[in-house]
Amino acid sequence: MTEASPPNKTEEKSPDVKPPAGGLKERAKGALMFAPVVLLLIWWGGEPFTWMMGAAAAIGGFEWARMVLTGKDNAPKGIVYVAAGAAALPVMVSGMMYSPLISFWFLLALCFLLFAYNFSQNGPSPKLTIFGVIYISFAVSIMVWLRGTEHGLYHFCTLLFIVWASDIAAYFTGRTFGGPKLAPVISPKKTWSGFFGSSVGAGLVAAGMASAWLTAQLDVAGGTIGGMGPVGYFVMGFVLAMFGQMGDLFISIFKRHFGIKDTGALIPGHGGILDRIDALLLVALVFGSLKILAG
């Protein structure tokens, strides 16, 4: 997840997004505004969950397209909304068909239409817009598919808890131990201590999710990915946290390049949807791939 950094001169001039307050109190307040509804829909599953994830993909696609088209001459504003729809529809298809592969092909077809729309409007090259839409939409589609599998709630919560544990552990270990910067140009406040702390925290949480006591309580004994136990899940969580940090930095590269601090201001103290799910997107792709390979 994104660790707040002071805006540089380029970021201060950005007219599109007003950076939210980034203090811990403000972040906690923003999380509490949305967490109850989000957790309820995750537990509920089915169509309500699919609609929520479709909305998240739409907002993420909108934020991405707005970011990469900022300042482009003759950029048709409509393409931002077309990108939002192109990101959301495959997620809905995934929820109906329970197949991320069908969603992926449907997504490619929509991106062709997005390209055609942009061409007809004489807009700038849409390559980066299409890339972001595919990345966001397919990752969210994987999450929708995962929730619909056997023991889907357990698997989805495992994914979510790994990312949350990684985020929290990185924040507190980074602040406590400090040390060398991980990527000072991209994300000035990230440290190597936070990077390794996030992996340890995520590994411990993942191991707990695979413990015999918890799987028995949740009636999912033997339902872990690949039948792995706590040790295997610790390793999985440890590695997935690294992918989460990479996913965070990946989005940060584009934010830095386009001179914005946050992709939006939807969630007080957190920024936009992409600012919150940047790590989750890449981890979901890897976690979902492991689930597919394990059967």
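From a predicted model like this one, the values you see are computed outputs, not experimental measurements. (Residues numbered from 1 in each chain as written. Predicted model: local features only at pLDDT ≥ 70, side-chain atom pairs only at ≥ 80, totals over all residues. Heavy atoms only, no water.)

## Some remarks on the environment of Ala 84
Part 1 of the reasoning: Mapped onto the elements of the fold, Ala 84 is located in helix H4 (residues 78-97).
Part 2 of the reasoning: Between the alpha carbons of Ala 84 and Ser 137 there is a distance of 9.5 Å; along the sequence they are 53 residues apart.
Part 3 of the reasoning: Ignoring sequence-local partners within four residues, the contact set of Ala 84 consists of Ala 58, Gly 61 and Phe 62. (Helix = DSSP H or I, 4+ residues; strand = E, 2+ residues; numbered from the N terminus. Contact = heavy atoms within 4.5 Å.)

## Looking at the side chain of Ser 141
Part 1 of the reasoning: Residue placement: Ser 141 occurs in helix H6 (residues 127-148).
Part 2 of the reasoning: There is a polar contact of 2.8 Å between the side chain of Ser 141 and the backbone oxygen of Ser 137.
Part 3 of the reasoning: Discounting chain neighbours no more than four positions away, the residues touching Ser 141 are Pro 90, Val 91, Ser 94 and Ser 103. (Polar contact = N/O pair within 3.5 Å; in protein donor to acceptor, adjacent residues only side chain to side chain.)

## Points about the nonpolar core
Part 1 of the reasoning: With 64 residues, the main nonpolar core has Met 53, Trp 64, Val 133, Val 140, Met 143, Leu 159 and Leu 281 as its most contacted residues.
Part 2 of the reasoning: Discounting residues that sit within four places of it in the chain, Val 133 has contacts with Trp 64, Ala 83, Ala 86, Ala 87, Leu 107, Cys 111 and Leu 114. (Core = buried A, V, L, I, M, F, W, Y, C linked by side-chain atoms within 4.5 Å. Buried < 20%, exposed > 50% of the residue type's maximum accessible area, 1.4 Å probe, protein only.)

## A look at unusual backbone geometry
Part 1 of the reasoning: For His 151, which is not glycine, the phi torsion reads 55° and is therefore positive.
Part 2 of the reasoning: Inspection of the secondary structure assignment puts His 151 in the loop between H6 and helix H7 (152-177).
Part 3 of the reasoning: The class for His 151 is partly exposed, based on a relative accessible area of 28%.

## A closer look at the packing of aromatic side chains
Part 1 of the reasoning: A complete count under the given rule lists 15 aromatic pairs for this structure.
Part 2 of the reasoning: With 6.3 Å between their ring centres and 0° between their planes, Phe 131 and Tyr 135 make a pair best called stacked. Of this pair, Phe 131 and Tyr 135 both sit in helix H6, separated by 4 residues, roughly a single helical turn.
Part 3 of the reasoning: Look at Tyr 135 and you get buried, because its relative accessible area is 12%. (Phe/Tyr/Trp six-rings, centres within 6.5 Å; stacked < 30°, edge-to-face > 60°.)

## Some remarks on H7
In an α-helix, one turn spans 3.6 residues; hence positions three or four apart end up facing the same way.
Part 1 of the reasoning: Between its first and last C-alpha, H7 extends 37 Å over 26 residues, near the 38 Å set by a 1.5 Å rise per residue.
Part 2 of the reasoning: Of the residues trailing H7, Gly 178 is marked for its positive phi of about 60°. (Expected span 1.5 Å × (residues − 1).)

## Considering the packing of helix H5 (residues 100-120) against H6
Part 1 of the reasoning: Between H5 and H6, the shortest axis-to-axis distance is 10 Å and the interhelical angle comes to 155°. Classified by the angle their axes make, H5 and H6 are roughly antiparallel. Where H5 crosses over H6, the handedness of that crossing is right-handed. When H5 is examined against H6, the residues Pro 100, Ser 103, Phe 104, Leu 107, Leu 108, Cys 111, Leu 114 and Phe 115 are found in contact with a partner set consisting of Thr 129, Ile 130, Val 133, Ile 134, Ser 137, Phe 138, Ser 141, Ile 142 and Trp 145.
Part 2 of the reasoning: In the contact of H5 with H6, the residues fall into 13 nonpolar, 4 polar and no charged. (Axes fitted to C-alpha atoms, helices over the stretch in contact; angles between N-to-C directions. Parallel < 35°, antiparallel > 145°, perpendicular 65-115°, else oblique. Left-handed = near helix turned anticlockwise from the far one by under 90°. Nonpolar A, V, L, I, M, F, W, Y, C, P; charged D, E, K, R; others polar.)

## Digging into the environment of Val 82
Part 1 of the reasoning: Topologically, Val 82 is positioned in helix H4.
Part 2 of the reasoning: Residue Val 82 is classed as partly exposed on the basis of its relative accessible area of 29%.
Part 3 of the reasoning: For the pair Val 82 and Phe 115, spaced 33 residues apart in the sequence, the C-alpha separation amounts to 9.9 Å.
Part 4 of the reasoning: If sequence neighbours within four positions are ignored, Val 82 has contacts with Leu 114 and Tyr 117.

## Some remarks on helix H10 (residues 230-257)
Part 1 of the reasoning: For H10, which comprises 28 residues, the first-to-last C-alpha distance of 40 Å matches the rise-based estimate of 40 Å (1.5 Å per residue) to within 8%.
Part 2 of the reasoning: Looking one or two residues past H10, Gly 259 carries a phi angle of roughly 70°, positive in sign.

## Considerations on a nonpolar patch on the surface
Part 1 of the reasoning: Residues Met 33, Phe 34, Val 38, Ile 59 and Leu 266 make up a contiguous nonpolar surface patch of about 390 Å² in total accessible area.
Part 2 of the reasoning: Per-element accounting of the nonpolar patch gives the leading share, 3 residues, to helix H2 (residues 24-44).
Part 3 of the reasoning: Locating Ile 59 in the fold gives a position in helix H3 (residues 46-68).
Part 4 of the reasoning: Residue Ile 59 is classed as partly exposed on the basis of its relative accessible area of 31%. (Patch = residues over 30% accessible without salt bridge, like charges linked within 9 Å, V, L, I, M, F, W, Y side chains within 5 Å. Areas by Shrake-Rupley, 256 points an atom, 1.4 Å probe, with all protein chains shown as cover. Salt bridge = Lys/Arg side-chain N within 4 Å of Asp/Glu carboxyl O.)

## A few points about the pairing of strand S2 (residues 187-191)
Part 1 of the reasoning: Alignment of strand S1 (residues 181-183) against S2, held across 2 bridges, turns out to be antiparallel. Paired with Lys 181 across the strands is Thr 191, a residue of S2.
Part 2 of the reasoning: What sits between the antiparallel neighbours S1 and S2 is a turn of 3 residues. (Pairing = 2+ DSSP bridges.)

## With respect to the packing of H10 against helix H11 (residues 273-294)
Part 1 of the reasoning: Look at H10 against H11: their axes get within 7 Å of each other, and the N-to-C directions meet at 135°. Taken together, the axis directions place H10 and H11 in an arrangement best described as oblique. Seen along the crossing, H10 lies across H11 with a hand that is right-handed. Contacts between H10 and H11 involve Met 236, Leu 240, Phe 243, Gly 244, Met 246, Gly 247, Asp 248, Ile 251 and Lys 255 from the first element and Asp 275, Asp 278, Ala 279, Leu 282, Val 283, Val 286, Phe 287 and Leu 290 from the second.
Part 2 of the reasoning: Broken down by class, the residue content of the contact of H10 with H11 amounts to 11 nonpolar, 2 polar and 4 charged.

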